[in-house]
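# Geometric and topological summary
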Amino acid sequence: ALPPGLTHLAAARCPWVGDAELGAVAAACPRLESLNLDAAGPGLGRAGLAALAGMARRLTALSLAGGRGLDDAALAALGSAPRLASLTLDRCPGLTGAGFGDGWKAGAAAPPPALARLSLRQAPALTDAGVAALCASALASSLTDLALDECDGLTDGGLAGLAGLGRLTALSLRGLGGLGRGAGAGGACGLTAALASTPGAFPALAALNLAGCVGLGQAAAPLLASLPALLDLDVAGCERVDRPFLA
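Cut-offs applied
- Counting restarts for each chain, with residues numbered from 1 along the sequence as it is written.
- Reporting in this predicted model follows two pLDDT cut-offs: at least 70 for local features of residues, and 80 or more for side-chain atom pairs to be given and counted; totals over whole chains, interfaces and linings ignore these cut-offs and use all residues.
- Derived side-chain values reflect all non-hydrogen atoms in the structure, with water molecules and hydrogen atoms excluded from consideration.
- Helix numbering and strand numbering both begin at the N terminus, where a helix is a DSSP run of H or I of at least 4 residues and a strand a DSSP run of E of at least 2.
- With a 1.4 Å probe rolled over the protein chains alone, any residue whose accessible area is under 20% of its type maximum counts as buried; one over 50% counts as exposed, and the rest are partly exposed.
- The contact criterion used is simple: two residues touch if any of their non-hydrogen atoms lie within 4.5 Å.
- Should a side-chain nitrogen of Lys or Arg be within 4 Å of a carboxyl oxygen of Asp or Glu, the pair is scored as a salt bridge.

On to unusual backbone geometry. The phi angle at Arg91 is positive, at roughly 55 degrees, despite the residue not being glycine. With respect to the secondary-structure elements, Arg91 resides in the loop between β4 (86-88) and α4 (99-103). Of note, Phe202 is a non-glycine position whose phi angle comes to about 55 degrees, a positive value. On the secondary structure map, Phe202 appears in the loop between α7 (190-197) and β8 (207-209). On the basis of relative accessibility, which here comes to 1%, the residue Phe202 falls in the buried class.

This is the structure we're talking about:
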């Protein structure tokens, strides 16, 4: 049995961990603060995460990257983890983002956690509607660090909604093929449309990664220049960006 005073547990690449095993961990380790279950097997899903959220009330950091059994019902269950501040859901093939609307609603009787960091890198099923659900959830008032790298299902329409995340200090959209898809020669895109239509958007954004966003073009330059707190900008591999962009 695990010691009840355990605060940190890493059990990545253990495909035998399922709902029953996670429920046992949550019951045995009420002081757990961080948990890494990357590359868990298909047996880990909503029931196990609901047990974790209900019993490990001190949990602040959770990584479930590559979870094959995770879906939007599992995502919704995490909305009841009261202290969760950092959540990694990279490469989870079953997540569309709809779970943000189901379990992370602003104004709920039991408020969802004030999540500060969310990583959804390489989430192949993530949709524009899922990002809209995220932006309409309680996370809009707490997120400071968001990564949506290489989420191929996202388009300009979904990215425009990110302007509602007013507390962001770091945003990574590296390798988003949908950014600027169908844009004209100027390379306007959803992110720059958000900046243009929402004066004062991203007032605290200090780090922005747009590397490999091949649709990004010159139209982005004056709008990115309007970000008052920007310190770190990555546009490596943005082929439509040329010399005037850096002038």
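Moving on, we get to helix α5 (residues 128-136). Those residues of α5 lying buried are Gly130, Val131, Ala133, Leu134 and Cys135. Tucked into the core, α5 has its buried residues touching α4, β5 (117-119), β6 (145-147) and α6 (156-160).

Further remarks concern the pattern of salt bridges. When the charged atoms of two side chains lie near each other, side chains of opposite charge can form a pair. Considering all chains together, one arrives at 3 salt bridges under this definition. Its salt-bridge partner being Asp149, residue Arg121 comes within 2.8 Å of it at the nearest N-O pair. Here Arg121 is found in the loop between β5 and α5, whereas its partner Asp149 is found in the loop between β6 and α6, with 28 residues between them in sequence. Given a relative accessible area of 28%, Arg121 falls into the partly exposed group. The exposure class assigned to Asp149 is buried, which follows from its relative accessible area of 1%. Residue Arg174 is joined to Glu150 by a salt bridge in which the shortest nitrogen-to-oxygen separation is 2.8 Å. Of this pair, Arg174 sits in the loop between β7 (170-172) and α7 while Glu150 sits in the loop between β6 and α6, placing them 24 residues apart in sequence.

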